[in-house]
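# Residue-level structure breakdown
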Amino acid sequence: MAVDATAPSTVFDKIWNAHLVARLDDGRDLVFVDRHVLQETTSAVAFAGLKRTGRGVRHPELTIATQDHIVSTSPGRDEDSYPGGRELLTLMRSNAYAARIRHFGVDDPRQGIVHVIAPELGFALPASILACGDSHTSTVGGLGALGIGVGTSEVEHVLATQTLALTRPRNMRVRFEGKTGPGIVAKDLILRAMGELGVAGGRGCAVEYAGSAIEALSVEARLTICNMSIELGARLGLIAPDEKTFAYVKGREFAPSGAAFERAVETWRKLRSDAGAVFERDILIDCASIAPQVTWGTTPEHVAGVSDHVPDPAVLSDAKRRDGIAQALNYMGLEPGMPLAGIPIDVAFIGSCTNSRISDLEAAAQVVKGRRISPNVRGLVVPGSMSVKREAEARGLHEIFRAAGFEWREAGCSMCVSINEDIVAPGSRCIATSNRNFENRQGPRSRTHLASPVMVAAAALAGHITDVRQELGA
Amino acid sequence: MRKPVREISGVMAVMPVANVNTDAIIPSVWLRTATADMGKGLFGGQRYDDEGNEKPDFVLNRPPFRETKILLADENFGCGSSREAAVWALVEFGIGCVLAPSFADIFYENAFRNSLVAGVIDQATYQALKATVEAHEGSPDFRIDLASASVVTPAGEVHGFRIPASRVEALMRGDDEIAMTLQHQPAIEAHYAAAKAGSDWLFPATLQRSAGS
Ligand code: SF4
């Protein structure tokens, strides 16, 4: 479809326009989906819908499937290890098989969390549109792809048509400028943005993350940033690809190779937001002042620096906010005004599509190396994919974690969503590298504090929330 | 084809908190099978105690709200995730319409795909409807008229809500989104063919080769 190519445009505009198949009568756009990733908990009903309506999978070659949410992460697990997951795991496998879709199940060396394996396999590429029935699909925006998280009806829609009918999001930019201090990682940047923008700050928008601090990040760290776009209320988050991105993609299983790769890089280099491009919202975040972040409440915007205090709702004039915060503190079992550092924890979880890549595990391992976690703490390390797990074992990280008293588990979503047996007990408190701290998220009445991998590692050692910079001697 | 929707009548309940997330609407414990009774799981975390017994003070556990057909919610309803089961849970419970000052993006899309009416109201309307429900605790019977995008209170007052005309038409016709899109099939396949020829890097041979092999 022809679009005015002369107007200054954003990275988002360029990718979206290149995928526009039709403009629908109701104002929505029909966009082509280059890649589709399936997981067991949001695809079963979609396949049932196809069957009911007698429709087939239009382009199985553009689709991959894995098992990640409801799989057991116990060492040596198989499809039956967690009986509660059997039905959905079996359906994923048989549906994929019948539709001739590649399936990376728990017995496959490529199995892992959808948003970890899509970049890892070179399945997500810069300038592509990738859909997945999971809201953290924005993760692949870290490569300069448009990762669109969809519901089950839309999974069915993509399977049947290889397109999505969507309201075009508006452009928004968050610039991270300045040099971060020691111990500050990507998770702290995005959590800080959460605190400033709130859970509805990006609603209706595609958010481009830019600025010197983003350019300085590794590709894996950029995936962490884009991962939490949905927590800002945005459906899409992305970062313009650069030389680091090209080097990351090169040589991966589904990535182009040889001359095709060179042609790809030529296209990818042009993926920059033009000078005159308009962002409806443009936010600046000063990175020099960011301290390690940790959440205290029941939504990711309930976040503060580790040396700060839990807020006191009594001093707030806005009744709605006051009640919201009071309810959050009540659920979390925290006193108004108490310092965040020193809050005792029961569980430390390192994993999830936010922070389970090799660089995350490496950073956490450096903190715990040669030390023991507190005897009061259950520590879990759950690699994001079997490939991350193999790489970590090749580097000896599993030995470091085990020697420190952590459980070293198989790949999956695990305690991020607690739909399998990895559950935080009622009333227990977990510090986690995942992305959601909602009530009951990690199990009924579980309490969650979100933080970076190094902060979780430091808390596991201390037995309470603590400033990782002290552990690092910074 | 879906069942066309024109009118929804019945009890309105109020969920007077902002940012109600999809984990709260349907907790993950209800998502382990393809056939769970999602309506029972609606707001499960708040509706049941640890033993699975109903908490008598939760709104949906009290008559007349056990029969809720219309939900009045606050800002950013359905935020959190893409979990479509949040919509299924509402629909299976019997709720046909949610009115709120704003909705999270994905929830909003998911709602229409399941014929759940998502109407946007301003804060003044939210407050007025909330007060009306409280004033009619015994029988808070409201009526949603889709064609006029309005809600009629038990006393006969009429408030408008916002919903795109195209969505109203689609709901009233009971449109099947996929069937509509398939009318564009030639354009879709032409796009794929052109992209394969022009951006060969985007569709490398490894993709084509391993499909189904
Ligand atoms: S790790 Fe958590 S957030 Fe990520 S895909 Fe799995 S359940 Fe979703």
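Data block above holds the structure.
A brief report on the enclosed structure follows. (Residues numbered from 1 in each chain as written. Chains lettered and ligands numbered in written order. Predicted model: local features only at pLDDT ≥ 70, side-chain atom pairs only at ≥ 80, totals over all residues. Heavy atoms only, no water.)

### What about the pattern of salt bridges?
As a reminder, the rule being used: For salt bridges, the criterion is a side-chain nitrogen of Lys or Arg within 4 Å of an Asp or Glu carboxyl oxygen. Where helices and strands are cited, they refer to DSSP runs of H or I of at least four residues and of E of at least two residues respectively, numbered from the N terminus. Working definition: with a 1.4 Å probe on protein chains only, accessible area under 20% of the residue-type maximum means buried, over 50% means exposed, and in between means partly exposed.
Counted according to the given criterion, the structure contains 41 salt bridges over all chains. A salt bridge links A:Glu154 to B:Arg113, with the nearest nitrogen and oxygen atoms 3.2 Å apart. With A:Glu154 in helix H5 (residues 152-161) and B:Arg113 in helix H5 (residues 105-113), this pair bridges two chains. Here A:Glu154 falls in the buried class, since its relative accessible area comes to 0%. A relative accessible area of 5% means that B:Arg113 is categorised as buried. For A:Arg395, the salt bridge goes to A:Glu362, with nearest N and O atoms at 2.7 Å. Of this pair, A:Arg395 sits in the loop between helix H13 (386-394) and helix H14 (397-404) while A:Glu362 sits in helix H12 (residues 358-368), and the two are 33 residues apart along the sequence. A single salt-bridge network, built from bridges that share partners, covers A:Asp26, A:Arg28, A:Glu154, A:Arg235, B:Glu109, B:Arg113, B:Arg167 and B:Glu177.

### A look at the sheet that holds strand S6 (residues 129-132) of chain A
All names here are of chain A. Convention followed: Strand pairing is defined by DSSP finding a minimum of two bridges between the two strands. The axes used here are C-alpha line fits, helices contributing only the stretch in contact, and every angle between their N-to-C directions lies in the interval 0 to 180 degrees.
Reading across the sheet, the five strands line up as S5-S4-S3-S6-S7 and stay open at both edges, with parallel pairing between neighbours. Each having just a single partner strand, strand S5 (102-104) and strand S7 (146-149) make up the two edges of the open sheet. Mean inter-strand twist for the sheet, computed between neighbouring axes without regard to direction, equals 20°. Taken together, the four bridges between S6 and S7 define a ladder with parallel strand orientation. Residue pairing for S7: Ile129 is matched across the bridge by Leu146.

### Looking at the packing of aromatic side chains
In plain terms, the rule: Note on aromatic pairs: the rings of Phe, Tyr and Trp (six-membered ring only in Trp) are paired at centre separations within 6.5 Å, and the planes decide the class, stacked below 30 degrees, edge-to-face beyond 60, tilted for the rest. Definition used: whenever NZ (Lys) or CZ (Arg) falls within 6 Å of the ring centre and also within 35 degrees of the ring normal, the charge is taken to sit over that ring.
Counted under the stated rule, the structure contains 17 aromatic pairs over all chains. With a centroid separation of 5.6 Å and 85° between ring planes, the pair formed by A:Phe401 and A:Phe406 is classed as edge-to-face. The class of A:Phe406 is buried, set by a relative accessible area of 4%. Within the aromatic cluster, the residues linked to one another by ring pairs are B:Phe77, B:Phe103, B:Phe107, B:Tyr108 and B:Phe112. Over the ring of A:Phe123 we find A:Arg35; its NZ or CZ atom is 5.5 Å from the centre of that ring.

### Side note on empty space enclosed by the protein
Stated precisely, the cut-off is as follows: Residues are called lining when one of their atoms sits within 4 Å of a cavity or pocket point, these points coming from a 1 Å grid over the protein atoms alone, where a cavity is a set in which a 1.4 Å probe fits but cannot get out and a pocket is an open set with protein on both sides within 12 Å along at least five of seven lines. Grid points are joined across faces, edges and corners, and a volume is the space filled by probe spheres set on the points. As a working rule, the residues Ala, Val, Leu, Ile, Met, Phe, Trp, Tyr, Cys and Pro are called nonpolar, Asp, Glu, Lys and Arg charged, and the rest polar, with Gly in that last group.
One pass over the full model with this rule turns up two cavities of 30 Å³ or more. Taken together, 37 residues line the largest cavity, and the ones lying closest to its centre are A:Gln39, A:Thr41, A:Thr42, A:His69 and B:Arg83. Mapped by element, the contributors of at least two residues to the lining of the largest cavity are helix H2 (40-53) and helix H4 (114-120) of chain A together with helix H4 (85-93) of chain B. Examining the composition of the lining of the largest cavity, we find that five residues originate from one element, H2(A), more than from any other. Grouping the constituent residues of the lining of the largest cavity by class yields 16 nonpolar, 16 polar and five charged. Of the pockets and cavities examined, the second largest cavity occupies roughly 80 Å³. When the residues that make up the lining of the second largest cavity are grouped by side-chain class, the tally is seven nonpolar, four polar and two charged.

### A look at the layout of surface pockets
Of the pockets and cavities examined, the second largest pocket occupies roughly 860 Å³. For the second largest pocket, the lining is made up of 36 residues, of which A:Val45, A:Ala48, A:Gly49, A:Arg52 and A:Glu156 are closest to its centre. Every element with two or more residues in the lining of the second largest pocket is listed here: H2, helix H3 (86-98) and H5 of chain A together with H4 and helix H8 (177-182) of chain B. By residue number, the principal contributor to the lining of the second largest pocket is H2(A), which donates 10 residues.

### Section: the site of the ligand
Cut-off, in case you're wondering: Any residue with a heavy atom lying within 4 Å of a molecule or strand is counted as near it. To qualify as sitting in a cavity or pocket, a molecule needs more than half of its atoms within 2 Å of the grid points.
In the vicinity of the ligand, the contacting residues are A:His69, A:Ile113, A:His115, A:Asp134, A:His136, A:Ser352, A:Cys353, A:Cys413, A:Cys416, A:Val417, A:Asn435 and A:Arg441. Among the cavities detected, the one that contains the ligand is the largest cavity.

### Some words on the environment of A:Thr10
Residues and elements named next belong to chain A. Put simply, the rule is: Two residues qualify as a contact provided that any one of their heavy atoms is within 4.5 Å of a heavy atom in the partner residue. Polar contacts here mean pairs of N or O atoms no more than 3.5 Å apart (in protein, one a potential hydrogen donor and the other a potential acceptor; neighbouring residues in sequence count only if both atoms are side-chain atoms).
By the element assignment, Thr10 lies in the segment before helix H1 (11-18). For Thr10, a relative accessible area of 0% translates into the label buried. Along the chain, Thr10 and Asp274 lie 264 residues apart, while their C-alpha atoms are 6.1 Å from each other. Apart from residues lying up to four places away in sequence, Thr10 is in contact with Asn171, Glu208, Ser273, Ala277, Val278 and Phe279. A distance of 3.0 Å separates the side chain of Thr10 from the backbone nitrogen of Asp13, its partner in a polar contact.

### Observations regarding the side chain of A:Gln67
All names here are of chain A. Relative to the elements of secondary structure, Gln67 occurs in the loop between strand S4 (63-66) and H3. A polar atom in the side chain of Gln67 sits 2.9 Å from the backbone nitrogen of Val106. The residues contacting Gln67, other than those within four sequence positions of it, are Glu40, Glu79, Leu89, Met92, Arg93, His103, Phe104, Gly105, Val106, Gln111 and Gly112.

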